[in-house]
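If you want the building blocks of each chain, they are given just below.
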Amino acid sequence: MLYLSSEAEDRLSMLEHQRDVTDRMLASATECERENECADWDGVIATLTDTKSNLEHQINKISDWDQQRIEDIAHDRADHMRQLRLEDA
C-alpha cells in the first residue's frame, strides 16, 4: 500500500480501524456468550461477523481501485514518454 493516494489511504485507515474495533467487539461478544449461556448472543455475533466481512470487502476494493489507478498512471506516463520520443525523432 506504499503508493496509495491520500484519499484512499485515509479511507483505508478508517476502515481498518473499524474492522479492528469490530473484531474486538466480536471477541468480547463471543466471550460473553460462553460465560452466560442463558443469553442469546447469536444475533450480535452474526451482525458483527457480517460487519467485519463488509469492512474487509471495502478494504480490498479500495486496495484494488488504488492499484488500478497506479497502473493507469504508469501506462499514461509510458505513453507520454513514447510520444515525446516520437516527436524528438
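Scroll up to find the structure this text is about.
Residues numbered from 1 in each chain as written. Predicted model: local features only at pLDDT ≥ 70, side-chain atom pairs only at ≥ 80, totals over all residues. Heavy atoms only, no water.

> It is not clear to me how the packing of helix α1 (residues 6-35) against helix α2 (residues 42-88) should be interpreted in this structure. Could you clarify?
Here α1 crosses α2 at 160 degrees, and the two axes come no closer than 9 Å. Overall, the two elements α1 and α2 adopt an arrangement that is roughly antiparallel. Crossing angle aside, the handedness with which α1 passes α2 is left-handed. The class makeup of the residues in the contact of α1 with α2 is 13 nonpolar, seven polar and nine charged. (Axes fitted to C-alpha atoms, helices over the stretch in contact; angles between N-to-C directions. Helix = DSSP H or I, 4+ residues; strand = E, 2+ residues; numbered from the N terminus. Parallel < 35°, antiparallel > 145°, perpendicular 65-115°, else oblique. Left-handed = near helix turned anticlockwise from the far one by under 90°. Nonpolar A, V, L, I, M, F, W, Y, C, P; charged D, E, K, R; others polar.)

> Can you walk me through the pattern of salt bridges in this structure?
It is possible for side chains bearing opposite charge to pair when their charged atoms get close. For the structure shown, the criterion picks out five salt bridges. One salt bridge connects Asp-23 with Lys-52, and the closest N-O pair in it is separated by 2.8 Å. Of the two residues, Asp-23 is situated in helix α1 and Lys-52 in helix α2; the sequence distance between them amounts to 29 residues. A relative accessible area of 35% places Asp-23 in the partly exposed class. Between Arg-69 and Asp-66 there is a salt bridge, and its shortest N-O distance comes to 2.9 Å. Separated by three residues within a single helix, Arg-69 and Asp-66 lie in helix α2, roughly one turn from each other. Owing to a relative accessible area of 1%, Asp-66 belongs among the buried residues under this scheme. (Salt bridge = Lys/Arg side-chain N within 4 Å of Asp/Glu carboxyl O. Buried < 20%, exposed > 50% of the residue type's maximum accessible area, 1.4 Å probe, protein only.)

> Would you explain the nonpolar core in this entry?
General note: in soluble globular proteins, nonpolar side chains tend to be found buried as a group. Ala-8, Leu-12, Leu-15, Leu-55, Ile-59 and Ile-62 together form the largest nonpolar core, which totals six residues. Of all the secondary structure elements, the ones that give two or more residues to this core are α1 and α2. Residues in contact with Leu-55, not counting those within four places in the same chain, are Leu-15, Gln-18, Arg-19 and Thr-22. (Core = buried A, V, L, I, M, F, W, Y, C linked by side-chain atoms within 4.5 Å. Contact = heavy atoms within 4.5 Å.)

> For this particular structure, what's the right way to read α1?
Along an α-helix, residues three or four apart share an orientation, since each turn contains 3.6 residues. If you check α1, its first and last C-alpha atoms are 43 Å apart, about what 30 residues at 1.5 Å a residue would give, namely 44 Å. Ala-8, Leu-12, Leu-15, Thr-22, Leu-26 and Ala-29 are the residues of α1 that are buried. On the buried face of α1, the contacting elements are α2. (Expected span 1.5 Å × (residues − 1).)

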